[in-house]
Amino acid sequence: MSYTIAIAGAGIGGLTAATLLAQQGHSVTIFDQFDRPRPVGSGLVIQPVGQAVLDEIGAGDAARAKGNAIRRMLGHEANSGRRVLDVTYDHDPAGTHVGLAIHRASLFDAIFQAALGAGVTITPSHRVIGFRDRHLHFADNAPQGPFDLVIDSSGVSSPLSQMRAKPLPYGAIWATVPWRNCGLPKDQLTQVYRRADRMIGIMPSGTLPGSDVAQASIFWSMPRGAHAAWYAAPISDWQAEVAQLWPDAAPIFEQITDHDQMTMARYSHGTLRKPYGENLAIIGDAAHKASPQLGQGANMAMLDAAALARATAQYPLQDALPAYAMARRWHVRIYQAMSWAFTPQYQSDSRILPAVRDHILFPASQIPPIPRLLTRLVRGNMIPPMASLTPRD
């Protein structure tokens, strides 16, 4: 059957779902709150499971052309110099498994073009405020509908989702700056920690739309309420702290000369028990939200979109929504639990957790077979991401 489908939010998950469903022959309209769809956020890593979804919608090559292959995640403690994070994407140095570091604008552009090519209609300046009787309601526009299916991809502040996410104590300031050679490998996400109350990150992240200048995404963690104090202090004080904790990072971070170049991101954690309702499916951050410590946020949204599209292709609509939820349940729960466990080891005020991380957990993580388990964790396939909807050979 061909359905009339509306999607709230032109984010990564919404555009992916729209493309997949339009490719199946459904009539798909995205309603976005902005005057033109645009990405919000910094660089991110698309894991191998997410890259497979990009290939499915025909956006993989375009994304890889703008992104940067990451083969390793490496972190050390600032004071001791001790390695405390070391995960590779493929234990074969010539292996094909990599993370794709990419600026959100470049990823958005690749998926946006795929959506337009699939015939998706995108309606801007429509902020969704409710869904009743198969009609979407908007803040400043007349209701639209009826729709056979509405997909909520409007993020953690969604008016359609009942999820109540718990704010996390730490967030981060971030920016995108031109890459500078400073002795750091371009195929590596590198981080430095001081205990767990400082985390500094540099990720070579490819190029921006319309440019061939290599970029880097940079991060500095801080308590969620500390941004105002950081903003009020001289930028030179912060630059001096960066240089003291991580001298190699100075050529990258010295490009920040004004507080307004850095954007504050605050994190939260929550999972919606039932990500669907009558004629309604909820995906991405509207259904589950976590710290970006494991680098899975955009991947989870794309996997939700792919699972929903598969369920819609395999079942009548009334059965497709619970099938979508069942297919994603354990993958989401396990990654949410892992994020909840790992994040305080790298972003918290604890003195005990980073000591346990440095002296017990990291040494144990280098003992086989744990390195291969961690590799599968970051790839996104620690368990099948949508097992009940995946055909078996």
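All values derive from a computational prediction rather than experimental measurement. (Residues numbered from 1 in each chain as written. Predicted model: local features only at pLDDT ≥ 70, side-chain atom pairs only at ≥ 80, totals over all residues. Heavy atoms only, no water.)

## Here's the deal with helix 2 (residues 48-57)
Taking burial as the measure, the ten residues of helix 2 include seven buried ones, the bulk of the element. Restricting attention to buried positions, one finds in helix 2 the residues Pro 48, Val 49, Gly 50, Gln 51, Val 53, Leu 54 and Ile 57. Just downstream of helix 2, Gly 58 is the residue with a positive phi angle, here 85°. (Buried < 20%, exposed > 50% of the residue type's maximum accessible area, 1.4 Å probe, protein only. Helix = DSSP H or I, 4+ residues; strand = E, 2+ residues; numbered from the N terminus.)

## Focus: the packing of aromatic side chains
Using the criterion set out here, one finds seven aromatic pairs in the structure. With centroids separated by 5.0 Å and ring planes inclined at 55°, the aromatic side chains of Tyr 193 and Tyr 346 adopt a geometry described as tilted. With a gap of 153 residues between them, Tyr 193 in strand 13 (residues 188-194) and Tyr 346 in helix 9 (residues 317-346) connect regions that are remote in the sequence. For the pair Tyr 193 and Tyr 346, one class covers both residues: buried. Feature note: the residues Trp 220, Trp 230, Trp 238 and Phe 253 constitute an aromatic cluster, connected by ring pairs. Above the ring of Tyr 276, the side-chain terminus of Lys 274 is found at 5.0 Å from the ring centroid. Between the NZ or CZ atom of Arg 333 and the centre of the ring of Trp 330, over which it lies, the distance is 5.1 Å. (Phe/Tyr/Trp six-rings, centres within 6.5 Å; stacked < 30°, edge-to-face > 60°. Lys NZ or Arg CZ within 6 Å of the ring centre and 35° of its normal.)

## What about the sheet that holds strand 11 (residues 149-152)?
The strands that make up a sheet pair up through hydrogen bonds in the backbone, lying either parallel or antiparallel. Taken in spatial order, the six strands line up as 8-2-1-11-18-17 in an open sheet, and their pairing is mixed. What marks the edges here is a single partner per strand, and that holds for strand 8 (121-123) and strand 17 (276-277). (Pairing = 2+ DSSP bridges.)

## Some thoughts on the sheet that holds strand 13
The sheet built from eight strands is open, its strands ordered 6-5-13-14-15-12-16-19 with mixed pairing. Lying at the two open borders of the sheet, with one neighbouring strand each, are strand 6 (83-88) and strand 19 (288-289). Direction of pairing for strand 13 relative to strand 14 (residues 198-207): antiparallel, over a ladder of five bridges. Of the residues in strand 14, the one forming a bridge with Thr 190 is Ile 202. Set on the sheet, helix 6 (residues 235-245) makes contact with strand 12 (166-178), strand 13, strand 14 and strand 15 (214-223); between it and strand 15 the angle comes to about 100°. (Contact = heavy atoms within 4.5 Å. Axes fitted to C-alpha atoms, helices over the stretch in contact; angles between N-to-C directions.)

## What about the pairing of strand 16 (residues 263-271)?
The pairing of strand 12 with strand 16 spans six bridges and is antiparallel. Looking across to strand 16, one finds that Ala 172 is bridged to Ala 265. As paired elements, strand 16 and strand 19 share two bridges and run antiparallel to each other. Bridging from a neighbouring strand, Gly 270 pairs with Lys 289 of strand 19.

## Overview of the environment of Val 45
On the secondary structure map, Val 45 appears in strand 3 (residues 44-46). On the accessibility criterion, Val 45 (11% relative accessible area) is buried. Distance in space between the C-alpha atoms of Val 45 and Val 378 is 9.9 Å, their sequence separation being 333 residues. Discounting residues that sit within four places of it in the chain, Val 45 has contacts with Tyr 89, Gly 99, Leu 100, Ala 101, Met 203, Gly 295 and Asn 299.

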